[in-house]
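Here are the chains, one letter per residue:
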Amino acid sequence: MQIGPEHYAEQARIAAELAEVGFVLPGSLNPRRLTCTHAGCHCHDEPPQLHGPYWYWTRKVAAKTVSKMLSAEQAEEYQSFIANERRLRGLVRELEALGPSIIEADPRTPRRR
Ligand SMILES: [Zn+2]
């Protein structure tokens, strides 16, 4: 293999950042404001005064969107897990790009003429 010191340094940097990621949650946290079924409730006024916000953690499970309601306190606390998941994905993409860049830098890789 033709792995240069810059490749080792990059791999070590990504590994160190991966070790710092912490807890992760896939998906997103979104507020929803809703109407209820009670006729005459202020949520049916014009303009409507909707209920909520209610916080939903939404993610894909086996290609289906799944939502779970959380308290406002939970939503605030778990927001950092969502951010950590995005950081994790970014680091994985960087790591996945490093392997190809090693092949690209390898002088043994046949070049088109
Ligand atoms: Zn209502």
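Along each chain, the written sequence defines residue order, and numbers are assigned to residues from 1. For a predicted model such as this one, the threshold for reporting local features is a pLDDT of at least 70, and the threshold for listing and counting side-chain atom pairs is 80 or more; totals across whole chains, interfaces and linings nevertheless cover every residue. Neither water nor hydrogens contribute to the side-chain values; these are computed over all heavy atoms in the structure.

**Here's the deal with the side chain of His-7**
Here is step 1: Here His-7 shows up in helix α1 (residues 5-19).
Here is step 2: When sequence neighbours within four positions are dropped, the list of residues in contact with His-7 reads Gln-2, Leu-98, Ser-101, Ile-102 and Ala-105. Segments assigned H or I by DSSP are reported as helices when at least four residues long, segments assigned E as strands when at least two residues long, and all are numbered from the N terminus. Working rule for contacts: check all heavy atoms of both residues, and any pair within 4.5 Å makes them a contact.

**Considerations on helix α2 (residues 72-105)**
Here is step 1: The span expected for a helix works out to 1.5 Å for each residue beyond the first. For α2, built from 34 residues, the straight-helix expectation of 50 Å at 1.5 Å per residue is met to within 8% by its first-to-last C-alpha distance of 50 Å.
Here is step 2: Along α2, the helix axis deviates most sharply at Tyr-78, where the bend reaches about 35°.
Here is step 3: Where α2 is buried, its residues meet α1, β1 (28-34), β2 (51-61) and β3 (64-70). Each residue is assigned a bend, namely the angle between axes fitted to the seven residues that terminate at it and the seven residues that start at it.

**Here's the deal with the pattern of salt bridges**
Two side chains bearing opposite charge may form a pair once their charged atoms approach each other closely.
Here is step 1: Every case where a carboxyl oxygen of Asp or Glu lies within 4 Å of a side-chain nitrogen of Lys or Arg is listed as a salt bridge. This model, assessed by the stated rule, comprises seven salt bridges.
Here is step 2: Taking the shortest distance from any N to any O, the salt bridge between Arg-13 and Glu-94 comes out at 2.4 Å. A residue pair is termed long-range when its members are at least 10 positions apart, and Arg-13 in helix α1 and Glu-94 in helix α2 qualify at 81 residues.
Here is step 3: Buried residues are those whose accessible area, probed at 1.4 Å on protein chains only, stays under 20% of the maximum for their type, while exposed residues exceed 50% and partly exposed ones sit between those limits. Arg-13 sits in the partly exposed class, given a relative accessible area of 29%.
Here is step 4: When salt bridges with common partners are traced through the structure, they connect Glu-10, Arg-13, Glu-17, Arg-87 and Glu-94 into a single cluster.

**Regarding the coordination of the zinc ion**
Here is step 1: Note that water is not among the atoms used; donors are N, O and S atoms within 2.8 Å of the metal (3.2 Å for Na, K and Ca), so sites may look incomplete. Taken together, Cys-36 (SG), Cys-41 (SG), Cys-43 (SG) and His-51 (NE2) make up the full set of protein donors to the zinc ion, lying 1.9 to 2.3 Å away.
Here is step 2: Angular criteria define each label, namely tetrahedral for four donors with all angles between 85 and 135 degrees, square planar for four and octahedral for six donors with opposite donors over 155 degrees apart and remaining angles between 65 and 115, and irregular for whatever fails these tests. Angles of 105 to 114° at the metal separate the four donor atoms of the zinc ion, which places the site in the tetrahedral class.
Here is step 3: One chain supplies every donor to the zinc ion, and in sequence these donors are spaced C-x4-C-x1-C-x7-H.
Here is step 4: On the accessibility criterion, Cys-36 (23% relative accessible area) is partly exposed.

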